[in-house]
Amino acid sequence: MHKPYLSLSLVGKTFSRGAATTEVLRDVSLDVAQGEYVSIIGHSGCGKSTLLNIIAGLTEVSSGAVLLENREVTEPGPDRAVVFQNHSLLPWLTVYDNVKLAVDKLFRGTKSAGERHEWTMFSLELVHMGHAKDKRPAEISGGMKQRVGIARALAMEPKVLLLDEPFGALDALTRAHLQDQVMAIHARLGNTVIMITHDVDEAVLLSDRIVMMTNGPAATIGEILPVPLARPRQRVQLASDGAYLSCRAAVLRFLYERNRFVEAA
Amino acid sequence: MRTATSLAERPGMQADTGPAVAAAPATIVAFPSARPPIGAKLKSLLGFVAERLLPPAIVLLAVGVIWQLVCSEPGASLPPPSQILNDSWELIANPFYDRGGLDMGLFWHILASLKRVAIGYAFAAVVGVALGTLVGQSRLAMRGLDPLFQVLRTVPPLAWLPLSLAAFRDGQPSAVFVIFITSVWPIIINTAVGIRNIPQDYRNVARVLRLNPLEHFTRIMIPAASPYIFSGLRIGIGLSWLAIVAAEMLIGGVGIGFFIWDAWNSSLIGDIIVALVYVGIVGFCLDRLVALAAHVITHGTTSS
Ligand SMILES: Nc1ncnc2c1ncn2[C@@H]1O[C@H](COP(=O)(O)OP(=O)(O)OP(=O)(O)O)[C@@H](O)[C@H]1O
Ligand SMILES: [Mg+2]
């Protein structure tokens, strides 16, 4: 049988502090093909970030395993670059140096100084941030920070790009603009991407498949919806596309009828 | 300036990462363009003088006049400024003379004190940042060391002097040790709080990049904690300058502290007052120097 690129098998996670334990994830199994764009959607607090951190290796699994190219993931590494929920740029470094830090660390042995500079600039240009390379994070807007975060992650040439609500804190216009940029980059570089989102339209627009999570505690995958839309996708034309609308309706039905958000007592 | 007094203190995050550039008292006039017309240049210079230099000058003058009036009465216990200028003129006019023994200008006394402070403070900075990092990083180290630190840091600096004299059997290293032990606590404690407050996100960045411990320390931990570290360093330099004067009074030899004590024994009140002015100005400069270093190194994310 054809082996999947990234595979989660029966992943479970239980947090415990002293005697109190919370089972956040139970039996999460998912196979992702190379170059695939997968979104994870679910209500707040169901364990999406936890799942992403497990794939990143930042959080250990309690049971089950994550395999990337048939090798078990046990620690974080640059082959699974993360764009964090709140950009997490280092405020004391310029935009350029934030990306350069990653480039220098990863390619010191394989690229010359000039090549590393060019690679840094190339990554910044991918997200159209080359013009602000000498600014510090405090001097650029939220959307620009998020773009630099994406540039830093892309500069690592990751096998899998992990995005934790990358556009969550942005206004609708900036968000749409960044979604288009990410789609363009994905089309150009063919990365494997796993993206967490709250936004149904974003999930349908960007993904090849949408993973819908049930509510916690002990959340798991409720349903996986393939999105059979041809690429490149144009948001304006899709707005009236039948397949787009039915995908959207399916996600909405899952989130608001079958797994309504329950306020934890 | 953030000042942490206890290791257990956990201030709200992010105060250190935002553009926390408080409006610093400007000491440099920023000219708007490279070649402003000479008139505008002069005007902004005059504005600066009127705004920043005039008020303290007026206050200083007023204090001098009142002092002169109050202490001119016969039988006043302190000399008036005019008499100080008269009696101690050589001290004021020539700080560089050296007639051998302890009979030398104030510059040499200050220099001797500054040397002791520099050595003690440098040790304190290195040890303080290292221990602070350890305590901030490791829960176990914190449990073991924090209570000790909390008790020791309340010991007044001079209380250490007899002990260090007994240990070193010499005044010179004892004074340096007193400086060290005085300034090390705020550096340790502030560093520890700074390290503890490094957002998990930055640590995650380091982990994803697989930075080795040395890279993690120099590229992430030190810069992330530097606003806290510098606030500790700034408190430390102030305390060392406070302690050196007192310590030198006891150990004797060349140094501004013993100079003051010597002047008191010779009833040279004027000399004492001149020395105090020097001590104040040097202390102020030391504080500004560390603040400036903080400003340059942290790119203005600490207020000065
Ligand atoms: N370190 C931890 N210790 C204990 N519980 C944790 C820990 N991290 C997360 N949790 C719990 O796990 C659950 C899922 O958290 P997670 O951050 O993964 O949610 P999420 O789906 O990403 O939410 P959101 O959409 O709001 O970001 C929450 O109930 C949270 O309280
Ligand atoms: Mg989350």
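Rules and cut-offs
Residues numbered from 1 in each chain as written. Chains lettered and ligands numbered in written order. Predicted model: local features only at pLDDT ≥ 70, side-chain atom pairs only at ≥ 80, totals over all residues. Heavy atoms only, no water. Helix = DSSP H or I, 4+ residues; strand = E, 2+ residues; numbered from the N terminus. Rg over C-alpha atoms; globule rule 2.2 N^0.38 Å. Buried < 20%, exposed > 50% of the residue type's maximum accessible area, 1.4 Å probe, protein only. Contact = heavy atoms within 4.5 Å. Areas by Shrake-Rupley, 256 points an atom, 1.4 Å probe, with all protein chains shown as cover. Axes fitted to C-alpha atoms, helices over the stretch in contact; angles between N-to-C directions. Parallel < 35°, antiparallel > 145°, perpendicular 65-115°, else oblique. Left-handed = near helix turned anticlockwise from the far one by under 90°. Nonpolar A, V, L, I, M, F, W, Y, C, P; charged D, E, K, R; others polar. Core = buried A, V, L, I, M, F, W, Y, C linked by side-chain atoms within 4.5 Å. Domains from an automatic or database assignment.

Novice: Whenever I open this one, the overall build of chain A confuses me. Can you help?
Specialist: Along the backbone of chain A there are eight helices and 10 strands. A compact globule built from 265 residues should have a C-alpha radius of gyration of about 18 Å, and chain A, at 19 Å, falls within 12% of that. Residues counted as buried form 54% of the 265 residues belonging to chain A. Taking the contacts inside chain A whose residues are at least 6 apart along the sequence as the reference set, 69% of them involve residues at least 24 apart. Surface accessibility of chain A: about 12,000 Å² in total, with carbon and sulfur atoms responsible for 51%.

Novice: For this particular structure, what's the right way to read the packing of helix α2 (residues 95–107) of chain A against helix α3 (residues 113–126) of chain A?
Specialist: Think of two packed helices as two axes; the pair is described by the angle between the axes and how far apart they sit. Residues and elements named next belong to chain A. Running from N to C, α2 and α3 point in directions that differ by 130 degrees, and their axes come no closer than 9 Å. Considering the angle they form, α2 stands oblique to α3. Crossing hand, α2 versus α3: right-handed. Contacts from Val95, Tyr96, Val99, Lys100, Val103, Asp104 and Phe107 in α2 reach Arg116, His117, Trp119, Thr120, Met121, Ser123 and Leu124 in α3. In terms of residue class, the contact of α2 with α3 is built from eight nonpolar, three polar and three charged.

Novice: Just to check I follow, could you spell out the nonpolar core for this structure?
Specialist: Across soluble globular proteins, nonpolar side chains have a tendency to be buried as a group. Ile194 and Ile210 of chain A are the most contacted members of the largest nonpolar core, which has 147 residues in total. Among the elements that take part in this core, helix α9 (residues 213–251) of chain B stands out by supplying 13 residues, more than any other. No fewer than three residues from each of domain 1 (1–79 + 159–265) and domain 2 (91–157) of chain A sit in this core.

Novice: Would you explain the packing of helix α4 (residues 106–137) of chain B against helix α11 (residues 269–297) of chain B in this entry?
Specialist: Residues and elements named next belong to chain B. Put simply, α4 and α11 touch, their axes get as near as 11 Å, and they point 35 degrees apart. Remark: the crossing between α4 and α11 carries right-handed chirality. Taking contact as the criterion, the partners of Leu106, Ile110, Leu114 and Tyr121 in α4 are, on α11, Val274, Ala275, Tyr278, Val282, Leu286 and Val290. Considered class by class, the residues forming the contact of α4 with α11 number 10 nonpolar, no polar and no charged.

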